[in-house]
Amino acid sequence: TMAALPPVPRFFMYEGSELDFGWMARCPRFAELRASPTNERLAEVEMRSLLVSSDARTRDPTLATLFYVPLWEVVSFRVGRCENTTHRDRMRAAWSALRVSPYWKPRRGRPAGADHLLASTGCVEDNLKLSQRLGNLLGPLLIPTIFGRDRAYSPYYKYSGIGRCTVEIPYVSNPHATALRRARGAYPAGDEPFGGALSLSETDDYRAAGLSDEQAAEVVLAAGAALDAARAGGRRRWLLSFQGSMHKDDLCCQPGKDIRRAVARLARAGRDVSIIDVPRNLSRARRVGSYDGGAWARLYEAQAALMVQSNYCLIPYGDTEVTSRLYTAIAAGCVPVVIANRLSGAFASIVPYADLWLKVDQATFLAKPKELLGRLRAISAAGLLERQRALHAHVADVVYDWPDSRVAANFLRTAAAGCEATRVDMPRLASVTYRQDDRRYADDRRSASLWSAECTCVREPPTLWWGPSGEIDRRRRGVWPTEVCRCNHCSTLCEVDNKTIGEGHPAGDGRGGGADGMARSIILRAEHTEHRGDGAGARSRLHHRVTVIASAVTSDARRPGRARTRRKGEGAAA
């Protein structure tokens, strides 16, 4: 898939304290922030550390395809006053400097800033979304830019979807996972990116964090054993593990509430399963200084220890589908079991997630949560090893602190191919052009004014390891995972294909199929019809042809005893 993307583009990085926020590492509260629960949302810091020394960086702006603005908006918001400036002062200074920059100008018929690149995985911080944190001057100025975000937001989410094009980039993974992999000899001595001895605190530290005596004892015993085993090497102790909140009142909305309650039903389902409930009163303490830092650090360490000693790690839907657990599991060499239909994963046209994770349909899991364990136990040792090897091959693609990390290069490459290019031709994404008077896209006026009528669509539905089989309704919009978004309807399947889910791989090879519910795709291609001129009639004829072919294939593929149901789509909108 890498060959399908262009080379890493050259970029120019802004300098000066108004636009390069690297100086904020000197702020007294920065170290405390890095040791707090907010660290997972500080991709802006990790991305700068990789890009500042990137081989693709040029100091000659005439050679640059992209212009990187190393703005640390989450750090600035969380740290507050530093060196006689406030967050509001810094956002205003950035606006003043950027709008008069000689590089902030229209190019090739595009608005000023269309080739500028920023990164922030901050979500809702103290009830404020990205545009609100940037302020009423800098926020509107950055609308034409390319933004690396925690997910690919469409312009419909005007407070979070800043930028004419958004690219999903990874959350920061748990650094203890990388350190423990180093202890197991995962890579050569001297490459350890996270220094310091690892140790577990006593039960009293967890009680101070709000855990009950039983919860505290469970964390200490489970994580302590995992930590000892991680240091010693050898076989992993747990089949499946999860550490996080499972109470419905700790989560904002559906389907996360129901999914986490179903996860709780797996607790004590087997001696090889470790499901630990951690109250949200600890993880919700976002402000620096408003939580027991030592206790939180111990829980963070315990999470990594469990993952390093687990073959499979649950990645369930929470408040949203995106989570740092995915990238921590990859760093830990633990196969992610994803129960979040709309989760794309960062750089999905580069990283073959279907080879790395096991994706489970949300409704299927909710109906039979305990059946998941039997399906995992049925996977052969060879099937598990194959996925673990794939994890190791691609960990550098999504983990910032892994030796020779490729995260920054993947960000640049995806931004160039998915946002900077006029026509998108990526392994998972393609371009779709529509008439501006098309009623289906009437609410895309804002993005159309920034980028003509050019949109992206998802080539294929996600591959499920366990889920329903049947025909996919390709006409459904806004429900399909995508790593790039530059219009309201980016989470939409391309119309040139029809997919019927049918026969799968034999059970027990780690890929699902057959009794495991994994479906192999039959892709029926018809001639491409563009959304121009008299395209409506041509599309109608095209859909009729594809429907007839799909019906014939589905009928021919039926077997006695094999039930087929029409798939109704995936998940709720983010």
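Since we're looking at a predicted model, the values are computed, not measured. (Residues numbered from 1 in each chain as written. Predicted model: local features only at pLDDT ≥ 70, side-chain atom pairs only at ≥ 80, totals over all residues. Heavy atoms only, no water.)

Visitor: Account for the environment of Ala 267, with residues named and values stated.
Guide: By the element assignment, Ala 267 lies in the loop between helix 9 (256–264) and strand 7 (273–277). Ala 267 sits in the partly exposed class, given a relative accessible area of 27%. Residues Ala 267 and Lys 370 lie 103 residues apart in sequence; the distance between their C-alpha atoms is 9.8 Å. (Helix = DSSP H or I, 4+ residues; strand = E, 2+ residues; numbered from the N terminus. Buried < 20%, exposed > 50% of the residue type's maximum accessible area, 1.4 Å probe, protein only.)

Visitor: How would you sum up the nonpolar core? Please name residues and give values.
Guide: Ranked by internal contacts, the top residues of the largest apolar core, which has 94 residues, are Met 47, Leu 240, Tyr 312, Leu 314, Tyr 353, Leu 372 and Leu 376. Not counting the four nearest positions on each side in its chain, Met 47 is found in contact with Tyr 68, Ala 119, Ile 169, Tyr 400, Val 407, Ala 408 and Phe 411. Counting 34 residues, the second-largest nonpolar core is a separate cluster that includes Val 45, Trp 72, Ala 94 and Leu 118. (Core = buried A, V, L, I, M, F, W, Y, C linked by side-chain atoms within 4.5 Å. Contact = heavy atoms within 4.5 Å.)

Visitor: Any details on the pairing of strand 6 (residues 238–244)? Residues and values, ideally.
Guide: The buried count for strand 6 comes to 7 of 7 residues, which makes it a mostly enclosed element. Summarising the sheet, strand 6 and strand 8 (residues 310–316) pair through 3 bridges and their orientation is parallel. Counted as the bridge partner of Ser 241 is Cys 313 from strand 8. Pairing analysis gives 5 bridges linking strand 6 to strand 7, with the strands arranged parallel. Within the sheet, the bridge partner assigned to Gln 243 lies in strand 7 and is Ile 276. Once the chain exits strand 6 it traverses helix 9 before rejoining the sheet at strand 7, and the crossover so formed is right-handed. (Pairing = 2+ DSSP bridges. Right-handed = clockwise from strand over helix to strand, strands pointing away.)

Visitor: Break down the state of the cysteines for me, citing the residues and quoting the values.
Guide: Applying the stated criterion to the full structure yields 6 disulfides. Here Cys 252 connects covalently by a disulfide to Cys 253, the sulfurs 2.5 Å from one another. Since its relative accessible area comes to 27%, Cys 253 is described here as partly exposed. Here Cys 313 is linked by a disulfide to Cys 334, with a sulfur-sulfur distance of 2.1 Å. The disulfide joining Cys 313 to Cys 334 has a torsion of about 115° about its S-S bond and is therefore right-handed. With Cys 313 in strand 8 and Cys 334 in the loop between helix 12 (325–332) and strand 9 (335–339), the pair connects residues that are 21 residues apart, well separated along the chain. Take Cys 313 and Cys 334: they sit in the same class, and that class is buried. (Disulfide = S-S within 2.5 Å.)

Visitor: Can you explain the sheet that holds strand 8? Please cite residues and give values.
Guide: In spatial order, the strands read 7-6-8-9-10; together these 5 strands make up an open sheet with parallel pairing. The sheet is open, and its two borders are formed by strand 7 and strand 10 (358–359), each paired with just one other strand. In this structure, strand 9 lies alongside strand 10, joined through 2 bridges in parallel fashion. The residue bridging Val 337 from the neighbouring strand is Leu 358, located in strand 10. Along the sheet, helix 12 makes contact with strand 6, strand 8 and strand 9, crossing strand 8 at roughly 170°. Sheet strands in contact with helix 16 (residues 381–398) are strand 8, strand 9 and strand 10, and its direction is about 95° off that of strand 9. (Axes fitted to C-alpha atoms, helices over the stretch in contact; angles between N-to-C directions.)

Visitor: Help me get a handle on the packing of helix 2 (residues 43–51) against helix 17 (residues 407–420), residues and values and all.
Guide: Two numbers describe how helix 2 lies on helix 17: the axes approach to 8 Å, and their chain directions differ by 95°. Here helix 2 is positioned roughly perpendicular relative to helix 17, judged by the angle of their axes. From helix 2, Met 47, Leu 50 and Leu 51 reach across to helix 17, where they touch Val 407, Ala 408, Phe 411 and Leu 412. Grouping the constituent residues of the contact of helix 2 with helix 17 by class yields 7 nonpolar, no polar and no charged. (Parallel < 35°, antiparallel > 145°, perpendicular 65-115°, else oblique. Nonpolar A, V, L, I, M, F, W, Y, C, P; charged D, E, K, R; others polar.)

Visitor: Residue-level account of the sheet that holds strand 2 (residues 66–68), with values.
Guide: If you trace the 6 strands from one edge of the open sheet to the other, you get 1-2-3-4-5-13, paired in mixed fashion. Edge strands, defined here as strands with exactly one partner in the open sheet, are strand 1 (11–13) and strand 13 (484–485). With 4 bridges connecting them, strand 4 (residues 146–149) and strand 5 (residues 165–168) associate as parallel partners. Paired with Phe 147 across the bridge in strand 5 is Thr 166.

Visitor: Which residues make up the pattern of salt bridges, and what are the values?
Guide: Pairing is possible between side chains that carry opposite charge, provided their charged atoms lie close to one another. Under the defined criterion, the tally for this structure stands at 22 salt bridges. Ionic pairing is found between Arg 57 and Glu 15, a salt bridge with its closest N-O pair at 2.9 Å. Of this pair, Arg 57 sits in the loop between helix 2 and strand 2 while Glu 15 sits in the loop between strand 1 and helix 1 (30–34), and the two are 42 residues apart along the sequence. Classification of Arg 57 as buried rests on a relative accessible area of 15%. (Salt bridge = Lys/Arg side-chain N within 4 Å of Asp/Glu carboxyl O.)

Visitor: Residue-level account of the packing of helix 4 (residues 87–99) against helix 5 (residues 130–141), with values.
Guide: Contact geometry of helix 4 with helix 5 gives a least axis separation of 8 Å together with a crossing angle of 10°. In terms of orientation, helix 4 and helix 5 fall into the roughly parallel class. Here His 87, Met 91, Arg 92, Ala 94, Trp 95, Leu 98 and Arg 99 of helix 4 come into contact with helix 5, specifically with Arg 133, Leu 134, Leu 137, Leu 138 and Leu 141. In the contact of helix 4 with helix 5, the residues fall into 8 nonpolar, 1 polar and 3 charged.

Visitor: Report on the packing of aromatic side chains, specifying residues and quantitative values.
Guide: The geometry of two aromatic rings is summed up by the distance between their centres and the angle between their planes. Summed over the entire model, instances satisfying the criterion amount to 9 aromatic pairs. An aromatic cluster of at least three residues, connected via ring pairs, comprises Phe 12, Tyr 14, Phe 67 and Tyr 103. Arg 99 extends its terminal NZ or CZ atom over the ring of Trp 95, reaching a point 4.2 Å from the ring centre. (Phe/Tyr/Trp six-rings, centres within 6.5 Å; stacked < 30°, edge-to-face > 60°. Lys NZ or Arg CZ within 6 Å of the ring centre and 35° of its normal.)

Visitor: Help me get a handle on helix 5, residues and values and all.
Guide: With 12 residues, helix 5 ought to run about 16 Å at 1.5 Å a step, yet its terminal C-alpha atoms sit only 13 Å apart, falling short of that. For helix 5, the full list of buried residues reads Leu 130, Ser 131, Arg 133, Leu 134, Leu 138, Gly 139 and Leu 141. Considered in projection along helix 5, the buried side chains sweep an arc of 125° and stay on one side of the axis. Against helix 3 (73–79), helix 4 and strand 4 lie the buried residues of helix 5. (Expected span 1.5 Å × (residues − 1). Arc of directions from axis to C-beta.)

Visitor: I'd love a proper account of helix 9, names of residues and values included.
Guide: What helix 9 keeps buried is the set Gly 256, Lys 257, Ile 259, Arg 260, Ala 262 and Val 263. Contacts from the buried residues of helix 9 go to strand 6, strand 7, strand 8, helix 12, strand 9 and helix 14 (362–367).

Visitor: Describe the side chain of Ser 431, listing the residues and the values that go with them.
Guide: Inspection of the secondary structure puts Ser 431 in strand 11 (residues 429–433). A relative accessible area of 10% places Ser 431 in the buried class. Looking at Ser 431, its side chain comes within polar contact range of the main-chain nitrogen of Val 424, at 2.5 Å. Once you skip the residues sitting within four places of it in the chain, Ser 431 turns out to touch Thr 422, Arg 423, Val 424, Glu 454, Cys 455, Cys 457 and Arg 486. (Polar contact = N/O pair within 3.5 Å; in protein donor to acceptor, adjacent residues only side chain to side chain.)

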